[in-house]
Amino acid sequence: MQFGISCSKIDEIGFVTHAENLGYDYCWVTDSQMIRSNPWAVLALAAQATRTIRLGTGVAVPGLRLAPVAPVAANGIATINRLAPGRTFMGIGTGNTAMRAMGQRPTGIRAFGDYIRTVRALLRGEEVDYTLNGLTHPIRFQNTELRYLDLDADIPIHVAGFGPRAQALAGELGDGLITGIPRGGKIPWALGNVQRGAEKAGRKLDGFFACALVNLLMLEPGESLDSERAIAECGSAIMANVHFLVDWVKETGGDPPDYVKPIWNDYMAFHAEREAATAHQKLHESHYSFLDPEEARFISPEMIRNFCIAGQPEEIVEQLHELERQGLNGINFIAPLKQQYRLIEDFSEKIMARM
């Protein structure tokens, strides 16, 4: 099992170097322009400050810049690869939070697939037909011998997929899958979707990297799930998942999954009371950063059990071993800003050392 952290704050590069020294394997930098620092700036500073930890977007969003944005994003990660060759990767997703924070929908699955294909071809040094403003022309990176960017060291593409079609795209086009627990489904189910995508493309999945964003709560001796400390530590991660489901149910009319039903009706009533014009901003502004004080009442022991890998360290180790047996290669967790240093230190000492 490999272990990752996330850093998206431009003046917290020391957090990445600290994680590297603690033995973490990789770092995601989020691409969410309304609530985070610019990912390319963060990645550049992190590349200069580190030596071994792998660095990449977690995840880059197609719809945020010039649309379609594939050449711009491919240039960005290839430029970072010039600073950190051989330890750069690119996570790509449809942009749930980044797009919804502007009142927009994530990228559709067909456009998402086209985006991945273009990025993959460019990063391999290939020429690809590219359409923009109704005009289609072949494009490729030029002057690569001048080393403005690095295409020599491989840049794996990790496709974010929480549903069956995106997970299948990871198998068809990607070098890895980024999913989530519980939102991405059980690991065997997710990897089954990946395998179907690979079979469609006639690919073998040798070396494929499957990782998941997990919600984590390490209890202290004698601590209960409803302690103030426990709620503060995992609350923002739980609510980030709830926020996604609010938008998903509104747009699809689907039934909310069982794991969120204990609070669903009460939360939707609470959400409806917020001013409609800015509800999309309020819903996502605390995203994996802090627990909205007005939402703290929804973090119950039942919700923690439903959403989190939780327990004493030895219990968490066993849960991670089971995920590893199911085919998961890595996990990442996002700590609230105020707890992030302590949490990665505790996890390294109490969990990673036992794995």
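Up top is the structure these notes are about.
Residues numbered from 1 in each chain as written. Predicted model: local features only at pLDDT ≥ 70, side-chain atom pairs only at ≥ 80, totals over all residues. Heavy atoms only, no water.

A.B. asks: Help me out: how do you make sense of the nonpolar core in this one?
C.D. replies: Counting residues in each nonpolar core, the largest one holds 70 residues, and the members touching the most others are Tyr24, Met90, Tyr115 and Phe347. Looking at which element gives the most residues to this core, the answer is helix 5 (residues 109-123), with 7 residues. Among the nonpolar cores identified, the runner-up in size contains 28 residues, and Leu217, Met239, Trp264 and Leu291 belong to it. (Core = buried A, V, L, I, M, F, W, Y, C linked by side-chain atoms within 4.5 Å. Buried < 20%, exposed > 50% of the residue type's maximum accessible area, 1.4 Å probe, protein only. Helix = DSSP H or I, 4+ residues; strand = E, 2+ residues; numbered from the N terminus.)

A.B. asks: Help me understand unusual backbone geometry, please; the structure alone is not making it clear to me.
C.D. replies: Residues apart from glycine generally show negative phi values, whereas peptide bonds are mostly found in trans. Of note, the amide linkage connecting glycine 58 to valine 59 takes the cis form, showing an omega dihedral of 10°. The omega torsion across isoleucine 181 and proline 182 is 5°, close enough to zero to call that bond cis. Structurally, proline 182 can be placed in the loop between strand 8 (176-181) and helix 7 (187-201). Its identity is not glycine, yet asparagine 133 carries a phi of approximately 55°, on the positive side. Mapped onto the elements of the fold, asparagine 133 is located in the loop between strand 5 (128-132) and strand 6 (135-139). Judged by its relative accessible area of 74%, asparagine 133 falls in the exposed class. Of note, the phi angle at arginine 147 is positive, near 65°, even though the residue is not glycine.

A.B. asks: Whenever I open this one, the layout of surface pockets confuses me. Can you help?
C.D. replies: The gaps of empty space that remain are located by a probe, the size of a water molecule, rolled over the atoms. Approximately 410 Å³ is the volume attributed to the second largest pocket. Lining the second largest pocket are 15 residues, with Ile181, Pro182, Gly185, Lys186 and Leu323 positioned closest to its centre. Going through the elements one at a time, helix 11 (301-307), strand 10 (308-311) and helix 12 (313-325) are the ones with two or more residues in the lining of the second largest pocket. Of the residues in the lining of the second largest pocket, the class split is 8 nonpolar, 4 polar and 3 charged. (1 Å grid on protein atoms, 1.4 Å probe; cavity = no way out; pocket = protein on both sides within 12 Å on 5 of 7 lines; lining within 4 Å. Points joined across faces, edges and corners; volume = space filled by probe spheres on them. Nonpolar A, V, L, I, M, F, W, Y, C, P; charged D, E, K, R; others polar.)

A.B. asks: Help me understand the packing of aromatic side chains, please; the structure alone is not making it clear to me.
C.D. replies: The way to describe two aromatic rings as a pair is by their centre distance and the angle between their planes. Within the structure shown, the criterion is met by 11 aromatic pairs. Both rings, one in tyrosine 267 and one in phenylalanine 270, keep their centres 5.5 Å apart while their planes meet at 55°; by these two values the pair is tilted. In this pair, tyrosine 267 and phenylalanine 270 are both assigned in helix 9 (residues 264-272), 3 residues apart and thus about one turn of the helix distant. Taken individually, tyrosine 267 and phenylalanine 270 each receive the classification buried, so the pair is uniform in this respect. Here the aromatic rings of phenylalanine 333 and phenylalanine 347 are separated by 4.8 Å at their centres, their planes lie at 55°, and the arrangement is tilted. One end of the pair, phenylalanine 333, is in the loop between strand 11 (330-332) and helix 13 (340-350); the other, phenylalanine 347, is in helix 13, with 14 residues separating them in the sequence. Between the NZ or CZ atom of arginine 54 and the centre of the ring of phenylalanine 209, over which it lies, the distance is 5.8 Å. Cation over ring: arginine 183 sits above phenylalanine 162, and NZ or CZ is 3.9 Å from the ring centre. (Phe/Tyr/Trp six-rings, centres within 6.5 Å; stacked < 30°, edge-to-face > 60°. Lys NZ or Arg CZ within 6 Å of the ring centre and 35° of its normal.)

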